[in-house]
Amino acid sequence: MLQIDNSFLRSKFARRIFLLFVLSAVIPVVAVALLSFSHISTQFSKQSYEQSRIVCKAIGMELYRRLTMAHDELLALGKNLRGAASRQEMAAAGLARNLAPDFQDITYISGTGTAFHLRGKRDQLPMPDQVQRQRLSQGKTIIQTQYDLEGRRDILLIQAVNKPGPAGGMLIGTVDPDFIWAVNDLLPTANDLLVLNPDGMILYSSRPSLRSMLPQLMPLLTRSISDHFDWRFDGENNQASFWSVFTQDLFSSPNLVLVVSEPESIALTPIKNFTTIYIPLLLLTILGISFVAAKQIRSKLLPLVTLQKATQRIASGDFSGRINISTDDEFSELGSAFNVMAGHLDSQFTSLTTLAEIDRMILSSFDARFIVSTVLGHAGDLAPCTLAAVLELDEGGSGDGKLSIRHTAPESAIEEHRVRLSHDEIRNLQQNLSCLQYDTGANYPGYLEALSESVTRIVLFPTLIKGRLSSVLLFGFSGETPLSEEAQNSLRKFADHVAVALSNASWEERLYHQAHYDPLTNLPNRALLKDRLEQAIARAQRNLSRVGLLFLDLDRFKLVNDSLGHAEGDAILKKMANILTGQIRSVDTVVRFGGDEFIIIIPDIDGRDDAALTLGGIAEKIFQATQSGFETDRQIVHPKMSIGIALYPKDGQSPEELIKNADAAMYHAKGKGRARYEFFAPDLNAAASYRLQLEGDLRRAIGQDEFFLTYQPKVDCNSGRLIGAEALIRWRHPTRGMVSPMEFITIAEETGMILEIGEWVIRTACQQIAAWDAAGLNPAPIAVNVSPRQFQEDNFTAIVTKVLGETGLQTRMLQLEITETTVMVDAEQSIAKLKACRDSGLHISMDDFGTGYSSLSYLRKLPIHSLKIDQSFIAAISEDDHTHAIVGATIILAHKLGLKVIAEGVETEQHRQMLQQLHCDILQGYLISKPLTAEQFTERFLKTGAESHAADTSGLHRLRNAAK
């Protein structure tokens, strides 16, 4: 937004000039604008009427074209009827059905008056009068109108059929209303159509209220064949145009009149839009004139105002601003002198302020990173440098240190480098405590390599603390930027302040680390445990999440100390600390609780996740990480441990209670034989035990033929014909009975067993298809689900191709269903793999569409054949309008992309009807059939289908009855 400093208007002279300037420009602009607005509004109105007349004429020409098409169809039919002498011959020829598709019914009346209904049947047949018969004999076509049974006007075409002898007759056809009045679809939005003859008989009306225009229309028909007029209905003004269709020559009938009407509020929308734009534009023009006037006046008075305000700022202690007066006169010279003075004052005050801020940091902050960041951020205020750096040397005199560099450009980040100084380099710094400089071309020390590439001079200010080189403050300059002696002394003092602040921060950090971290393992100790656990609980209360606590104790560690010595025991504890730290997330915390005891805090466990699975999985990872053992200085050690697990808030509300209950669970694990983990909560413990047992049973089930496939049919949405089935895996456990796939598929994914199971499913489905084909049952294609883990394998395509080759199946008989989540894990690689499958002839369907996170930009790239809408949408389609709209939009989108649409979870007849209305392609669900064994599927669908697929319309009811 443009802003003007209006302080100059305090001058009476400025106000007077401004007012005269604005008035002399605004009055002419407003007068011209009003005249232009009037002229343009008139042109818009004329354009609206002309557009309406053009639309009316176009609709009339289309109506005449359709009547001509019907005339030609009836004429062609008449020519073909000349060789048919009886009803049987006419029916055998099938002429009416093939040659006149745009007629609702057609009747042939022979010369003897006998009526033959070639299509449909019309109860009331018109009889031409003498004049019309004469025109028929001349080859003319007669148009007549009749009311149908519902009170609508039908348009009938009558033509003579000139046969030799007494067999001559005439054809009477009723033009299909959907064909002739489809011209209404060509109208622009909000337009209405009325068709009538010159006598005022209405042949077609898009809405009943159009009859109200007849009093205004009829007088105009006697004067012109085309015109426009206004009419009013129900308090609303309308604009209308009419045009006469010349039907006299071809049809020997009076001309038809077409009227196109449009509400005035819509017809005059361009005028409203123009008004909406024009008025703000006029106001903007006036504002622009005012702005230009103000700018011109301000440019003449601004220098004095600028100097006045700048002087006031310096008086208040603000030296940051500089003034820019470019008037090429004495004001410009005065402004330059003022800026030089303000710069000197600003430099002196900035130096004092920065030193004061460093002093405040020494007293208030003990964070070394914060001190370094603040120092580097203010270094540019003390010297016109290109970059600044702080070198912090480690304690112990090793020469190692950390070099932090920041360029003085805005928003530059701090770069950190580890460097090492030699003894000579340290001695050189200690001997030049006042200042040390390196220029371009000099032999830079190695620790300055990170700075030397971007500057031409480096100035160093070393600092000693208790006789030891503690830190170095560095400034890098580009070009010739000599530092005065006064500036060097100021920076020397600045470096001393920095060294003191860093020394205090280092001391505080050492004290904090000693108080909160274990000196042997460098892990947090008991003091920090309570603080971290309290933070995790507070966050869990705020986010409605949970916190897990693992209490670990090394089994028989006293025996290790006694047999190998405490030094070896300490080495084992340090190694265990590294292993535990490597098995957790960055937000988790490993604490050495004391002796051989460790505690792991697992915060932010989502309330919807399986806590037993999450915490048990971490314990399993720890056991696996220590299973192979590790080597110490003296031998290879295989440490064992017992783990107790507690969960907030179920097993405790406070840190003390959680630690106590996790400790109790740990001792419970030791009591059960050690080298295991136990939950404090019995139900969680049972869940973890059940999962471990189920995982073992799943490994056995693969080799014991406990799996089998069921098949759920897919049918065409319109005809109900069987077009395929989905293979679904089932597990019959010898003791548990049927185990739901929801229980074992997740375990199979996590353990990798899904690869073997997935290949078994593909192979079994292909073998079953081959068996059906060998039995002559003409099987339909079978779809199998592909898991994410299975699809991501590099040899997935090769496995599918191998199975198809071994079973001798065509690729079209096997279909792959892949979820959109699977595809989007690595979209580009997935697209390449899907393309390879498609190129081999496999049919690919995207399963559970709408529940993942696919992007439309990727959907159009995916080489798939069909989309499968998730059953959660189908279940709500009849109850939720939003879901109905989503399903409809998905079907339209899929069809636009050339994809078939499969709806799963179809359970009611209402579901089927709604999906049929939305033009869904394929149905699957309990309305058709539950999943069936191979034998059941054979009896209820394949054998039945082999006998009746030749018949078409038993459809969905036949399939549904067969599945009962």
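Residues numbered from 1 in each chain as written. Predicted model: local features only at pLDDT ≥ 70, side-chain atom pairs only at ≥ 80, totals over all residues. Heavy atoms only, no water.

S.K.: If you had to explain the overall build of the chain to someone new, which residues and values would you point to?
M.R.: Looking only at helices and strands, the chain has 32 helices and 32 strands in total. The buried share of the chain, reckoned over its 964 residues, is 46%. Within the chain, residue pairs in contact and separated by at least 24 positions form 60% of the contacts whose partners lie at least 6 positions apart. By element, 53% of the accessible surface of the chain is carried by carbon and sulfur atoms, the whole surface being about 49,300 Å². (Helix = DSSP H or I, 4+ residues; strand = E, 2+ residues; numbered from the N terminus. Buried < 20%, exposed > 50% of the residue type's maximum accessible area, 1.4 Å probe, protein only. Contact = heavy atoms within 4.5 Å. Areas by Shrake-Rupley, 256 points an atom, 1.4 Å probe, with all protein chains shown as cover.)

S.K.: For the packing of aromatic side chains, give the residues involved together with the corresponding values.
M.R.: Using the criterion set out here, one finds 17 aromatic pairs in the structure. The ring of Phe 593 carries Arg 526 above its face, with NZ or CZ at 3.9 Å from the centroid. (Phe/Tyr/Trp six-rings, centres within 6.5 Å; stacked < 30°, edge-to-face > 60°. Lys NZ or Arg CZ within 6 Å of the ring centre and 35° of its normal.)

S.K.: With reference to specific residues and values, describe the side chain of Glu 817.
M.R.: Relative to the helices and strands, Glu 817 resides in strand β28 (residues 814–819). A residue is classified by how much of its surface remains accessible, and Glu 817, at 2% relative accessible area, is buried. A polar contact of 2.9 Å, which involves the side chain of Glu 817, links it to the side chain of Lys 714. Engagement of the side chain of Glu 817 in a polar contact is seen with the side chain of Lys 868, the distance being 3.0 Å. Once residues within four sequence positions are removed from consideration, Glu 817 is found in contact with Lys 714, Glu 726, Ala 783, Val 784, Asn 785, Val 786, Ser 845, Asp 847 and Lys 868. (Polar contact = N/O pair within 3.5 Å; in protein donor to acceptor, adjacent residues only side chain to side chain.)

S.K.: Explain the pairing of strand β6 (residues 192–196) residue by residue, including any values.
M.R.: Counting buried positions along β6 yields five of five residues, so the element is predominantly enclosed. Of the two faces of β6, the one holding Asp 192, Leu 194 and Leu 196 and the one holding Leu 193 and Val 195 are both buried throughout. Both β6 and strand β10 (residues 256–263) contribute to a ladder of five bridges, which runs antiparallel. Bridged to Leu 194 within β10 is Val 259. (Pairing = 2+ DSSP bridges.)

S.K.: With reference to specific residues and values, describe the layout of surface pockets.
M.R.: Size it by volume and the largest pocket reaches roughly 1,200 Å³. Along the wall of the largest pocket there are 34 residues; nearest its centre are Glu 726, Leu 728, Pro 741, Asn 785 and Asp 847. Only β25 (722–733), α21 (741–751), α22 (754–774), α23 (788–791), β28 and β29 (843–849) provide two or more residues apiece to the lining of the largest pocket. Residue composition of the lining of the largest pocket, grouped by class: 13 nonpolar, 12 polar and nine charged. (1 Å grid on protein atoms, 1.4 Å probe; cavity = no way out; pocket = protein on both sides within 12 Å on 5 of 7 lines; lining within 4 Å. Points joined across faces, edges and corners; volume = space filled by probe spheres on them. Nonpolar A, V, L, I, M, F, W, Y, C, P; charged D, E, K, R; others polar.)

S.K.: I'd like a description of unusual backbone geometry, backed by residues and values.
M.R.: Geometrically, the link from Tyr 648 to Pro 649 is a cis peptide bond, its omega value of 5° lying close to zero. Residue Leu 544 is not a glycine yet carries a positive backbone phi of 55°. When you line up the elements, Leu 544 lands in the loop between α15 (526–543) and β17 (546–554). Classification of Leu 544 as exposed rests on a relative accessible area of 72%.

S.K.: Pulling in residues and values, what's your account of helix α24 (residues 796–807)?
M.R.: A rise of 1.5 Å per residue sets the reference length of α24, with its 12 residues, at 16 Å; its end C-alpha atoms lie 17 Å apart and thus fit the reference within 8%. Inspection of α24 places Phe 796, Thr 797, Val 800, Val 803, Leu 804 and Thr 807 among the buried residues, and these make up the whole buried set. Buried residues of α24, seen end-on, are gathered within an arc of 130° and therefore sit on one face of the element. Trailing α24 by a residue or two, Gly 808 shows a phi angle of about 70°, which is positive. (Expected span 1.5 Å × (residues − 1). Arc of directions from axis to C-beta.)

S.K.: Quick one: what's the story with helix α29 (residues 881–896), residue by residue and with numbers?
M.R.: Since the α-helix packs 3.6 residues into each turn, any two residues three or four apart lie on the same face. Here α29 spans 23 Å end to end across 16 residues, near enough to the 22 Å set by a 1.5 Å rise per residue. Of all the residues in α29, the buried ones are Thr 883, Val 887, Gly 888, Thr 890, Ile 891 and Ala 894. Across the axial projection of α29, the buried residues extend over an arc of 160°, all falling on one side. Those residues of α29 that are exposed and aimed more than 90 degrees away from the buried face are Asp 881, His 882, Ile 892 and Lys 896. Residues of α29 that are buried in the fold lie against β29, β30 (866–869), α28 (871–875), β31 (900–904) and α30 (909–917).

S.K.: Got a sec to walk through the pattern of salt bridges? Specific residues and values, please.
M.R.: Evaluation of the coordinates by the stated rule reveals 32 salt bridges. A salt bridge links Lys 670 to Asp 553, with the shortest nitrogen-to-oxygen separation between them at 2.8 Å. Remark: Asp 553 occurs in strand β17 and Lys 670 occurs in helix α19 (residues 655–671); sequence separation between them is 117 residues. In terms of burial, Lys 670 and Asp 553 fall into one category: buried. For Asp 839, the salt bridge goes to Arg 838, with nearest N and O atoms at 3.6 Å. Overall, Asp 839 belongs to the exposed group, its relative accessible area being 52%. Relative accessible area serves as the criterion here: at 33%, Arg 838 is assigned to the partly exposed category. Sharing partners across several salt bridges, the network here consists of Lys 714, Glu 726, Glu 817, Lys 868 and Glu 904. (Salt bridge = Lys/Arg side-chain N within 4 Å of Asp/Glu carboxyl O.)

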